[in-house]
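Remarks on the overall topology
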Amino acid sequence: AGRESWSWREGDSSKAGRKSLEQKALVMESTKGSEMLFGIAPCSLALSQSRRDLFRLFLKENSGSRRLVFSELVLQATARGVPVQHVRRRELDALCRGKVHQGVCLEATPLRFKSLEEAEKPDLGDEERPNPQLIWLVLEQIQDPMNLGALLRTAYFLGVDRVVTSQRNSCPLTPTVSKASSGAVEIFDVYSTDDLQGFLKAKAAEGWEVVGTASSPEEVEGVPVISCLEFQWNKPTIIVIGSEGDGLSLETQLLCHQMLTIPPGRALHPGIESLNVSVASGILLHSICSQKLRHSG
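Residues numbered from 1 in each chain as written. Predicted model: local features only at pLDDT ≥ 70, side-chain atom pairs only at ≥ 80, totals over all residues. Heavy atoms only, no water.

Per an unreviewed UniProt entry, the protein carries the name rRNA methyltransferase 1, mitochondrial and comes from Turnix velox. Quoted verbatim from the Sequence similarities (unreviewed entry) field of the UniProt record, the comment on the protein reads "Belongs to the class IV-like SAM-binding methyltransferase superfamily. RNA methyltransferase TrmH family." (UniProt positions renumbered as here; feature names shortened; annotations may be inferred.)

**Looking at the overall build of the protein**
Regarding its fold elements, the protein presents eight helices and 14 strands. Out of the 297 residues in the protein, the part that is buried amounts to 44%. Partitioning the contacts of the protein with sequence separation of at least 6, the portion at a separation of at least 24 is 84%. Surface accessibility of the protein: about 16100 Å² in total, with carbon and sulfur atoms responsible for 48%. (Helix = DSSP H or I, 4+ residues; strand = E, 2+ residues; numbered from the N terminus. Buried < 20%, exposed > 50% of the residue type's maximum accessible area, 1.4 Å probe, protein only. Contact = heavy atoms within 4.5 Å. Areas by Shrake-Rupley, 256 points an atom, 1.4 Å probe, with all protein chains shown as cover.)

**Looking at the sheet that holds strand S14 (residues 258-261)**
Remark on secondary structure: sheet strands pair via backbone hydrogen bonds, oriented parallel or antiparallel. Here we have eight strands laid out as an open sheet, ordered S7-S10-S9-S8-S13-S11-S14-S12, and parallel in their pairing. The outermost strands of the open sheet, each flanked by one partner alone, are strand S7 (114-115) and strand S12 (225-227). In this structure, strand S9 (residues 162-166) lies alongside strand S10 (residues 190-193), joined through four bridges in parallel fashion. Within S10, the position partnered with Ser166 by the bridge is Thr193. Across the face of the sheet, helix H6 (residues 196-205) comes into contact with strand S8 (135-139), S9, S10, strand S11 (209-213) and strand S13 (237-241) while running at roughly 160 degrees to S8. (Pairing = 2+ DSSP bridges. Axes fitted to C-alpha atoms, helices over the stretch in contact; angles between N-to-C directions.)

**A closer look at the packing of aromatic side chains**
If you walk through the whole model with that rule in mind, you get three aromatic pairs. Between Trp136 and Trp208 the ring centres are 4.7 Å apart and the planes differ by 50 degrees, which places this aromatic pair in the tilted class. Residue Trp136 is found in strand S8, and its partner Trp208 is found in the loop between H6 and S11; the two are separated by 72 residues along the sequence. Classification of Trp136 by relative accessible area gives buried; the value is 3%. Through successive ring pairs, a cluster of aromatic residues spans Trp136, Phe199 and Trp208. (Phe/Tyr/Trp six-rings, centres within 6.5 Å; stacked < 30°, edge-to-face > 60°.)

**Some remarks on the environment of Asn62**
Take Asn62: it is sitting in the loop between strand S4 (54-60) and helix H2 (67-80). Residue classification places Asn62 among the exposed positions, given a relative accessible area of 71%. Once the C-alpha coordinates of Asn62 and Gly103 are considered, the two residues, 41 residues apart in sequence, prove to be 9.7 Å apart.

**Quick notes on the nonpolar core**
Ranked by internal contacts, the top residues of the largest apolar core, which has 30 residues, are Leu137 and Val163. Sorting the residues of this core by element identifies S8, helix H4 (145-158), S13 and helix H8 (277-296) as the ones contributing at least two each. In terms of residue count, H8 provides more of this core than any other element does, five residues in total. When sequence neighbours within four positions are dropped, the list of residues in contact with Leu137 reads Leu151, Ala155, Val160, Arg162, Val163, Val164, Ile239, Ile241 and Leu285. Counting 18 residues, the second-largest nonpolar core is a separate cluster that includes Trp136, Leu196, Leu248 and Met259. (Core = buried A, V, L, I, M, F, W, Y, C linked by side-chain atoms within 4.5 Å.)

**Overview of unusual backbone geometry**
The backbone of Gln141 sits at a positive phi, close to 60 degrees, despite the residue not being glycine. Among the structural elements, Gln141 can be located in the loop between S8 and H4. Gln141 sits in the buried class, given a relative accessible area of 17%. Phi at Asn169 takes a positive value of approximately 55 degrees, unusual for a residue other than glycine. Considering the arrangement of structural elements, one finds Asn169 in the loop between S9 and helix H5 (175-180). In this structure Asn169 comes out as partly exposed when scored by relative accessible area, which is 39%.

**Considering helix H1 (residues 40-48)**
Those residues of H1 not exposed but buried are Ile40, Pro42, Cys43, Ala46 and Leu47. Where H1 is buried, its residues contact strand S3 (35-38), S4, H2, strand S6 (104-108) and H5.

**Regarding the pairing of S14**
The side-chain alternation of S14 yields two buried faces, one formed by Gln258 and Leu260 and the other by Met259 and Thr261. Inspection of the sheet shows S11 paired to S14 by three bridges, in the parallel sense. If you follow Thr213 over to S14, its bridge partner there is Leu260. Sheet topology note: the S12/S14 ladder contains three bridges and is parallel. In the sheet register, Ser227 faces S14, and the bridge partner there is Thr261.

**What about the pattern of salt bridges?**
When charged atoms on two side chains of opposite charge get close, those side chains can pair. By the definition in use, this model includes nine salt bridges. Of the charged contacts in the structure, one is a salt bridge between Glu35 and Arg52, with a shortest N-O distance of 2.9 Å. Taken together, the positions of Glu35 in strand S3 and Arg52 in the loop between H1 and S4 put the pair 17 residues apart, joining distant regions of the chain. Arg52 carries the same exposure label as Glu35, and that label is buried. The partner of Glu206 in a salt bridge is Lys203, with the nearest N and O atoms 2.9 Å apart. Relative accessible area serves as the criterion here: at 52%, Glu206 is assigned to the exposed category. By relative accessible area, Lys203 is classed as buried at 7%. Sharing partners across several salt bridges, the network here consists of Glu35, Arg52 and Glu186. (Salt bridge = Lys/Arg side-chain N within 4 Å of Asp/Glu carboxyl O.)

This is how it looks when you write it as structure tokens:
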């Protein structure tokens, strides 16, 4: 494989008379096309799966209170045949460009979105007893990796059956996404489509309920808007989340059967009338998914 380089410099240059040769430049060659995962949960989960090619595990020297966790990581790496290197903190900082690595970095191939053609058909049940409580999360142009990671972590936790993103103007599955998802992206497939509106039309034709999200109770071109607390989950449902700044595009809103809002707990001051997209999604998903818990109880 071809090689690229990460590099960092060590040595104390505060003394004017110190020779430049004493500042030893360390250069780390990386496998071409690889990326650097960081954080305990992403690295541990990536080691436990077979979804990435793995090249090297980097652990901080003198692990201290994390000695037990690091020993488990070494066992995981050894089982996968992944070399382990113990390095200093400054070197880990350089490898992941100053992100919060918790003393762990893992060089690996990137994760890719899956195409919907690769997806298994959902279990809709038989015709006599169809499964009404499937829920898919569709993301339109989510660009912030922290938000995408938080959305994926929430979707995994609450039992969302599938996540589909728009290809256009969407964040890729970067190491930052993996860290923000607490490693959920390492075990939870994420799909992508280049024709989001066509996908939603097709699912609606199959009998799915397509539900959008709105920040205000005003109807859009005749699409009804209700509180998320009023939504009745009685058929397979797609909940569509829009971009951080603009929300759902008008084209997507017009494909929704209804729109959901989150009722605020007080009169809101102008300028702070909305929620972070991942927080709002968590509230909406929980309000729907809790119906599954009630029905099964």
